[in-house]
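A structural walkthrough
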Amino acid sequence: MRTPDVAIVGVGATPYYFRGQSYPQTLIELAGKAILTACEDAGIDVTEIDGFAYYSEAGGGYGQKLDTATFMETLGIPEVTFSATLTSGGGGSAGSIGLARAALVAGDATYVVTVMALQQLKQRLGAVFGAMPLDPQNSFLMPSGLIGPGHLMSILARRHMHLYGTRREAFAEIAISTRENALNRPKAQKRTPLTLEDYFASPLIAEPLCKLDFCLETDGAVAVITTTMDRARDLRQPPVKVVAAAHGGRREWGRAFANFSMLDPDFASSGNAPIAAQLYRKAGVGPEDIDVALLYDHFTPMVLMQLEDYGFCKRGEGGPFVESGAIRYKGGSIPLNTHGGQLSEAYVIGMTHVLEGVEQIRETAINQVPGAELALVTGGPATLPVSGLILGRA
Amino acid sequence: MTAQATTLPTDTIRITTDAWTEPYWEGAKDERLVAPRCAACGTFRFPPSAFCPECRSQDTEWVSLSGRASVFSFSVVRGHPGHPDLLLVPAVFEFADAPGVHIVSNIIDAAPEDVTIGMPVEVVFVDIADGWKLPVFRPA
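Residues numbered from 1 in each chain as written. Chains lettered and ligands numbered in written order. Predicted model: local features only at pLDDT ≥ 70, side-chain atom pairs only at ≥ 80, totals over all residues.

Some words on the overall build of chain B
Cut-off, in case you're wondering: Secondary structure elements follow DSSP: runs of H or I of four or more residues count as helices, runs of E of two or more count as strands, with numbering from the N terminus. Radius of gyration: C-alpha atoms only; globule rule: 2.2 Å multiplied by the number of residues to the exponent 0.38. Labels follow a simple rule on C-beta atoms placed from the backbone: if 20 or more others lie within 10 Å of a residue's own, it is buried; if 12 or fewer, it is exposed; otherwise it is partly exposed. Residue pairs are scored as contacts if the distance between their C-beta atoms, which are placed from the backbone, is within 7 Å.
A tally of helices and strands in chain B yields 1 helix and 8 strands. Helices (α) and strands (β) of chain B occur, in sequence order from the N terminus, as α-β-β-β-β-β-β-β-β. By the compact-globule yardstick of 14 Å for 140 residues, chain B fits well, its C-alpha radius of gyration being 16 Å. Taken over the C-alpha atoms alone, chain B extends approximately 50 × 35 × 25 Å along its principal axes. When each of the 140 residues of chain B is scored for burial, the buried share is 37%. Counted over contacts in chain B with a minimum sequence separation of 6, partners at least 24 positions apart contribute 57%.

This is how it looks when you write it as structure tokens:
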């Protein structure tokens, strides 16, 4: 029997707020608003949702929880037949759609929602590792003062610069081109142009990374509804096909910058090469077939390393590749993060990339890539699983 | 003199252990840098864990290393919550006498602009909370 196709049929998001400014809304309220908006977009009633497919261990940001029973209670969802999450953190964002697909293909659910909500009233993400309870494993990391994700990834970035001659100008180009894509977006948190001078004037936080290499700190929520293609065809929007989804990774990447055990060449990578191989094999396509790349951009160097892992350029050549203008929406060979990404639009732990992928395939994106047929969406380079998703037309 | 890198305030540095990690910290307490090596197949692993990932043996020997290392990569962090003037050079170190081992710690007694990847360093031990000692590294 042929495996049924699966499609994304609804997407919804709250406004994007600067850290802490979504108060007095609650986390569940933000998530609920995104879910209801996604249902409206799909043309289904929220009571039809019977599956929840989370990632990041169903965390709401870091430190808070998203809970299926609470959603059922507050939104009046009568019965759930699937409730599961990918492990670890933001690495699973794109892969959560694959988890939804697993439920649908198995016949365990009919409408599955994936939701992420983030509200930073107490704990800033930027110092999240420093706030973790001490344990025997992080005792090998925390004494060094590496308390934030940006601290950790700066060490990967420096190794990449050392091995391949990558320049800060390349990281700057990712920040600048992503900002350019946010300028015309009403919901974007950053809408002023960025210059190379601005970049080099930005305060160094964890050298070689400056503040403009870091993503935003956002409050907000995004929800995505997935169903089988036979149901999708009767709904409000043109279905966006889940062409391929993959999550996981290899031991050589493992816990990544949670323990820095990686050796070369994995150390200065995004750990996503095995995901790229899975996705391209499943989809029967290659990087040359991707029309728009929506790569998880928590930190600019990790975008560069994903461009290498996903085969848009060779390993080590990410610097010259981006400096050539290749990732520009206007005139680039692979338009990158056309929504302004997490660097300039909003940071909802990868879900805005899924949202943009859907809009690109529907051809309703604000920065539409003309005739886009395949969109690549990735999860964050971090402790495994990392993940990716290829979306396409039905 | 240009500003020299240091550690977090040492009285605020805490660690905790389990049965597999404690020998590392007990070694440090004696000012010995030690790393676990599989007694069956001879493969080093780090951080310490319950099995050799190459052969699944649990027989482990704790090898005293020379303490000489080289800088694999590093960051420069200026300021820390509550300590705006703190200058840290957190780094990943590799060891000629423990292939495959990466240890994360700090470079001290060096100006950040003088730190390079590949630079030779040597271990020193600083007192931290609860009677433990932390291995850190200075230019050799």
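Considerations on the pairing of strand β8 (residues 133–139) of chain B
Residues and elements named next belong to chain B. The criterion, for reference: For two strands to be treated as a pair, DSSP must find no fewer than two bridges joining them.
Relative to β8, strand β7 (residues 120–127) is paired through 7 bridges, and the arrangement is antiparallel. Paired with valine 121 across the two strands is proline 139, which belongs to β8. Here β7 hands over to β8 after 5 residues, with aspartate 130 in that stretch at a positive phi of 65°.

Overview of the nonpolar core
Residues and elements named next belong to chain A. This is how it is decided: Note on definitions: a nonpolar core is a set of buried residues drawn from Ala, Val, Leu, Ile, Met, Phe, Trp, Tyr and Cys, linked by C-beta atoms within 7 Å. For the domains described, the bounds stem from an automatic or database domain assignment.
Judged by nonpolar contacts, the single largest core of 171 residues is most densely connected at Ala34, Ala221 and Leu391. Top element by residues in this core is helix α1 (residues 27–42). It accounts for 9 residues. Each of domain 1 (6–124 + 219–240) and domain 2 (149–217 + 251–393) gives at least three residues to this core. Sequence-distant contacts of alanine 221, that is, excluding residues within four places in its chain, are made with Ala13, Thr14, Leu30, Ala31, Lys33, Ala34, Val115, Met116, Ala117 and Val348.

A closer look at the environment of Ala201(A)
Summarising the element assignment, Ala201(A) is placed in helix α6 (residues 196–201). Along the primary structure Ala201(A) and Ile349(A) are separated by 148 residues, whereas in three dimensions their C-alpha atoms are 27 Å apart.

Observations regarding the interface of chain B and chain A
When the parts of a complex come together, some accessible area is lost, and that lost area is often taken as the interface size. How we decide: Amino acid classes used here: Ala, Val, Leu, Ile, Met, Phe, Trp, Tyr, Cys and Pro are nonpolar; Asp, Glu, Lys and Arg are charged; the rest, including Gly, are polar.
Contacts between the two partners involve 29 residues from chain B, matched on the other side by 25 residues from chain A. Listing elements by their share of the side of chain B that touches chain A, those giving two or more residues are β3 (68–74), β4 (76–80), β5 (83–94) and β6 (102–107) of chain B. By residue class, the composition of the side of chain B that touches chain A is 16 nonpolar, 10 polar and 3 charged. Here strand β8 (residues 204–207) of chain A pairs with β4(B) via 2 bridges, running antiparallel. If you follow Glu207(A) over to β4(B), its bridge partner there is Val76(B).

Notes on unusual backbone geometry
A negative phi angle characterises most non-glycine residues, just as the trans form characterises most peptide bonds. Along the chain, Tyr23(A) connects to Pro24(A) via a cis peptide bond; the corresponding omega equals 10°. Residue placement: Pro24(A) occurs in the loop between β2 (17–18) and α1. In the segment running from Leu384(A) into Pro385(A), the intervening peptide bond is cis, with an omega of 5°. Within the element layout of this structure, Pro385(A) appears in the loop between β13 (374–378) and β14 (386–393). Its identity as a non-glycine residue notwithstanding, Ile349(A) has a phi of 55°, on the positive side. Within the secondary structure layout, Ile349(A) lies in the loop between α11 (341–345) and α12 (351–362). The backbone of Asp109(B) sits at a positive phi, close to 55°, despite the residue not being glycine. Tracing the backbone through its elements, the reader meets Asp109(B) in the loop between β6 and β7.

Focus: the packing of helix α5 (residues 168–182) of chain A against helix α9 (residues 300–309) of chain A
All names here are of chain A. To keep things clear, this is the line we draw: Orientation is described by lines fitted to C-alpha atoms, with helices fitted over the stretch in contact, and by angles between N-to-C directions that extend from 0 to 180 degrees. Every angle not falling under 35 degrees, over 145, or within 65 to 115 is termed oblique; those three ranges are roughly parallel, roughly antiparallel and roughly perpendicular.
Two numbers describe how α5 lies on α9: the axes approach to 9 Å, and their chain directions differ by 95°. Judged by the angle between their axes, α5 and α9 are roughly perpendicular. Each of Ala170, Phe171, Ile174 and Ala175 in α5 lies in contact with α9, whose residues at this interface are Thr300, Pro301, Val303 and Leu304. Of the residues belonging to the contact of α5 with α9, the class tally is 7 nonpolar, 1 polar and no charged.

Overview of α5(A)
The test is simple: One less than the residue count of a helix, multiplied by 1.5 Å, gives the span that helix is expected to have.
In this model α5(A) runs 21 Å from its N-terminal to its C-terminal C-alpha over 15 residues, within 8% of the 21 Å that 1.5 Å per residue would give. Within α5(A), 13 of the 15 residues are buried, leaving the element largely enclosed by the surrounding structure.

Comments concerning the domain arrangement of chain A
Residue and element names in this part refer to chain A. Per the domain assignment, the segments of chain A are domain 1 (6–124 + 219–240) and domain 2 (149–217 + 251–393). In this structure, domain 1 and domain 2 have C-alpha centres spaced 23 Å apart. At the junction of the two partners, domain 1 supplies 32 residues and domain 2 supplies 29 residues. Taken together, the elements giving at least two residues each to the side of domain 1 that touches domain 2 come down to β1 (6–13), α3 (95–105), β7 (111–118) and β10 (218–228). For the side of domain 1 that touches domain 2, the element with the highest residue contribution is β10, accounting for 4 residues. Partitioned by chemical class, the residues of the side of domain 1 that touches domain 2 number 16 nonpolar, 14 polar and 2 charged.

Examining the packing of α1(A) against helix α2 (residues 68–75) of chain A
Residues and elements named next belong to chain A. Spelled out, the test is: Helix crossings fall into two classes, left-handed where the near helix is turned counterclockwise from the far one by less than a right angle and right-handed where it is turned clockwise.
Between α1 and α2, the shortest axis-to-axis distance is 11 Å and the interhelical angle comes to 70°. Put simply, α1 runs roughly perpendicular to α2. The two elements α1 and α2 meet at a crossing, and its hand is right-handed. Residues Ile28, Gly32 and Ile35 of α1 touch α2, and the partners they reach there are Thr70, Phe71, Thr74 and Leu75.

Overview of the confidence of the model for chain B
Stated precisely, the cut-off is as follows: The pLDDT value tells you how sure the predictor is about a given residue, anywhere from 0 up to 100.
Overall, the predicted model of chain B reaches an average pLDDT of 96, with 99% of residues at or above 70. The complex model carries a pTM of 0.97, and its ipTM stands at 0.97.

A closer look at the pairing of β13(A)
Residues and elements named next belong to chain A. Here β13 lies mainly inside the structure; 5 of its 5 residues are buried. Burial along β13 is two-sided: the face carrying Leu374, Leu376 and Thr378 and the face carrying Ala375 and Val377 are both buried. One ladder, built from 3 bridges, connects strand β12 (residues 292–294) with β13; its direction is parallel. Paired with alanine 293 across the bridge in β13 is leucine 376. Pairing of β13 with β14, which is carried by 5 bridges, proceeds in the antiparallel orientation. Within β14, the residue paired with alanine 375 across the bridge is leucine 391.

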